[in-house]
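Chains, contacts and geometry: an overview
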Amino acid sequence: MAQFQSLPGFREFYPDALARRNHIFRQWRRAAHAYGFSEYDAPVLEPLDLYKRKSGDEIEAQLFSFTDKGGREVALRPEMTPTVCRLVGAKANALKRPIKWCSIGEFYRYERAQKGRERAFFQFNCDIFGEPGPEAEIELIGLLVQSLAGFGLGPADFYVRLSDRTLWLHYLASLGLNEDQAKAVLGAVDKYEKVGDEAFKTYTETFGELAGETKAKILAFLGIKSLSALEAVLTPVGGEALAARLADWRKLLNGLAAMGLGEYIEVDFGVVRGLAYYTGFVFEAFDRKGELRAIAGGGRYDDLVEKLGGPALPAVGFAIGDVTMGLLLEQRALMPTFGPTTDVYVVIGGEAERTAAFLDIAGLRAAGYRVDYPLKELAFGKQFKAAAESGAKLALIYGGDELAKGVVKFRDLSDRSEHEIPRASVVEAVRDYFTTGGTA
RNA sequence: GCGGCCAUAGCUCAGUUGGUUAGAGCACAAGAUUGUGAUUCUUGGGGUCGCGGGUUCGAAUCCCGUUGGCCGCCCCA
């Protein structure tokens, strides 16, 4: 048994696990590039205050934070949003709008690991800065769907629940609640699906019992699952701001429908996302079976860049985590199996032939082919077995008989046919084989 | 931070009421086989039974603690 173990919640990626992780990253990047997002990266270690400023002092309990040798209070980043706000904020005036940025990075949270949650995990973050209207949400939610659909997941596998904190706050204000009361209600709404009426406990303790009629209206609003139901509730309330917001909703849903994504989207005012910094549309992606924690989450945060010291800059973003993503792909059998990747296996007769083989191996590798060979002298039988296991489509045989004639035996491992080729044309012969689909 | 379950080889596990030197399959390696691939046979390496303490003539087995894992609560940016 090893004397040292990895820290709790920190994963080790053996080659097969890393291949799966890379597969996830590859699909994410493909989607982001297709949507015209630029990839950036930033430090893993940040000033502790960056996170306190955004989330309050309580956040420190859930951070990997410490004092560095220079006496600085620092923390391993638990999320990307404050960092990207700083990056964009610092150069906001020089960046072409809209600013569409993405990143893949590792994040760290000092929390107890459980299913779908580790202490170190990777996130795919995508944000659009500088666009206040729902056009940004259309683009971003479109990317979110594509980032999941790219793996072969369909509307039967996942969906995006869409809600709106702006409308929630408008509606609660129309019910006569002040700002603090409204925030407390949103906290209750966030929990309501899970714990039911118990969710209002905190509100009741702080502000007293909600009037029965008000509470009934809140619960009805929470149950809204369509634009028409939303309009039915809000039209009587009236007002210009509400009318404009409903127009935003129509634009957003029509836009997503026009992209062919309607099947993935569900209006659901039970989603509010507890975080106070969200200011408008909020959304979460879930698996349809409801067995996993949220796959992705996001929303609009128009005040955060300014709060963190930048200019006023509207923003909307989302993040997908690698842990739940991986679980979902395994569950739906959409995670490919990754084996060794070799194009050509070189069979070497003995030490005398090794030197000659090395020259051609180096030439093939320089030409970009993935070439492998036994590091030690090995019986032919073993070498062919190794060749088959390597996944190579082609074996080149450097034996004493062949080299004496100035040739190499060229064996197609898929149909076991073989012929001799002049040594001088090894690279050309391999290139011909692979460019003609492996049937040369 | 709190609670439940678990911990034997790289992996999956067996190990009787506590009793010789802790086993199997898979995987890995070598040979049978000195020029041609999945099979078969033989052999081998690999364990202070998570760690520490206690009970006992004797502990993988019973007790306590601890660390780690899984699951849940809190939280979930």
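A brief structural summary. This one's a predicted model, so the numbers in the text were calculated from it and none came from an experiment.

When helices and strands are counted, chain A shows 16 helices and 16 strands. Taking 2.2 N^0.38 as the reference for a compact globule, 440 residues should give roughly 22 Å; the C-alpha atoms of chain A span a radius of gyration of 29 Å, well beyond that estimate. Counting only C-alpha atoms and orienting by the principal axes, one finds that chain A spans roughly 95 × 55 × 45 Å. By residue count, 47% of the 440 residues in chain A fall in the buried class. Contacts spanning at least 24 positions in sequence make up 68% of the contacts within chain A whose residues lie at least 6 apart. Just so you have it, chain A exposes about 21,500 Å², and 52% of that area is on carbon and sulfur atoms. For chain A, the distance from the average position of its 54 positive side-chain charges to the average position of its 60 negative side-chain charges is 2 Å.

Every α-helical turn comprises 3.6 residues, leaving residues that sit three or four positions apart pointing alike. All of the buried residues along helix α8 (residues 212–222) are Thr214, Lys215, Ile218, Phe221 and Leu222. For α8, the angular spread of buried residues about the axis comes to 120°, placing them on one side. Those residues of α8 that are exposed and aimed more than 90 degrees away from the buried face are Gly212 and Glu213. Next to the buried residues of α8 lie α5 (165–174), α6 (179–195) and α9 (227–234).

Most of strand β15 (residues 407–412) is tucked away, with 5 of its 6 residues classed as buried. Sheet analysis places strand β14 (residues 394–398) next to β15, joined by 4 bridges and oriented antiparallel. In the strand pairing of β15, leucine 394 is matched with aspartate 412. Relative to strand β16 (residues 417–422), β15 runs antiparallel, the two sharing 6 bridges. Of the residues in β16, the one forming a bridge with lysine 409 is glutamate 420. Connecting β15 to the next strand, β16, in antiparallel fashion are 4 residues, including arginine 416 with a positive phi near 60°.

Let's shift gears to the packing of helix α1 (residues 15–34) against helix α4 (residues 134–149). Orientation of α1 relative to α4, taken along the N-to-C sense of each, is 145°, at an axis distance of 8 Å. Crossing of α1 against α4: the hand is right-handed. On α4, the residues that touch Trp28, Ala31 and Ala32 of α1 are Leu143, Gln146 and Ser147. Residue composition of the contact of α1 with α4, grouped by class: 4 nonpolar, 2 polar and no charged.

We now examine the pattern of salt bridges. Using the criterion set out here, one finds 32 salt bridges in the structure. Arginine 250 is paired through a salt bridge with glutamate 231; the nearest N and O atoms lie 2.3 Å apart. Here the residue arginine 250 occupies a position in helix α10 (residues 240–258), and glutamate 231 occupies one in helix α9, the gap between them amounting to 19 residues.

On to the environment of glycine 280. Assignment of secondary structure puts glycine 280 in the loop between β8 (265–267) and β9 (281–287). The spacing of glycine 280 and glycine 299 is 19 residues in sequence and 6.9 Å in space, taken between C-alpha atoms. Dropping the residues within four chain positions of it, glycine 280 is found in contact with Ser163, Asp164, Arg165, Thr166, Arg245 and Arg300.

As a further point, take helix α2 (residues 48–55). Buried within α2 we find Leu48, Leu50, Tyr51 and Lys54. Taken down its axis, α2 places every buried residue within 165° of arc, on the same side. Contact partners of the buried residues in α2: β2 (45–47), β3 (65–67), β4 (73–76), α3 (81–90) and α11 (304–307). Of the residues trailing α2, glycine 56 is marked for its positive phi of about 95°.

By the definition in use, this model includes 0 disulfides. Free cysteine cysteine 102: the closest other cysteine sulfur is in cysteine 126, separated by 5.2 Å. Look at cysteine 126 and you get buried, because its relative accessible area is 0%.

Our next topic: the sheet that holds strand β13 (residues 371–372). Spatial ordering of the open sheet is given by β13-β12-β14-β15-β16, a layout of 5 strands whose pairing is mixed. Two strands lie at the open edges of the sheet, namely β13 and β16, each paired on one side alone. The strands touched by helix α16 (residues 426–435) are β12 (344–348), β14, β15 and β16; relative to β14, the strand with the most contacts, the crossing angle is about 160°.

Conventions adopted
Numbering of residues starts from 1 in every chain and runs along the sequence as written. Chain A is the first chain written and ligand 1 is the first ligand written, with later ones labelled in order. Restriction of local features to residues with pLDDT of at least 70 applies here, the model being predicted, together with a cutoff of 80 or more for giving and counting side-chain atom pairs; totals for whole chains, interfaces and linings are based on all residues. Side-chain numbers come from the whole structure's heavy atoms, not from hydrogens or water. Runs of E in the DSSP output that reach at least two residues are strands. Runs of H or I that reach at least four are helices, and both are numbered from the N terminus. Radius of gyration: C-alpha atoms only; globule rule: 2.2 Å multiplied by the number of residues to the exponent 0.38. Buried, partly exposed and exposed residues are distinguished by accessible area as a fraction of the type maximum, computed with a 1.4 Å probe on protein chains only: under 20%, between the cut-offs, and over 50%, respectively. Only heavy atoms matter for contacts: two residues are in contact if any of them lie within 4.5 Å across the pair. Note that accessible areas follow from Shrake-Rupley with a 1.4 Å probe, and for residues the cover is restricted to the protein chains shown. Just so you know, the count uses Lys and Arg for positive and Asp and Glu for negative, and it drops His and the chain ends. Positions of charges follow a simple convention, taking NZ of Lys, CZ of Arg, CG of Asp or CD of Glu. Starting at the helix axis, one direction is taken to each C-beta atom, and the arc is that of these directions. A pair of strands is labelled paired if DSSP reports no fewer than 2 bridges between them. Note on method: axes are straight lines fitted to C-alpha atoms, helices fitted across the in-contact stretch only, with angles between N-to-C directions ranging 0 to 180 degrees. Rotating anticlockwise by less than a right angle from the far helix to the near helix defines a left-handed crossing, while the corresponding clockwise rotation defines a right-handed one. For this classification, Asp, Glu, Lys and Arg are treated as charged, while Ala, Val, Leu, Ile, Met, Phe, Trp, Tyr, Cys and Pro are nonpolar and the rest, including Gly, are polar. In what follows, salt bridge is the name for a side-chain nitrogen of Lys or Arg lying within 4 Å of a carboxyl oxygen of Asp or Glu. Note on disulfides: each one is a pair of cysteine sulfur atoms within 2.5 Å.

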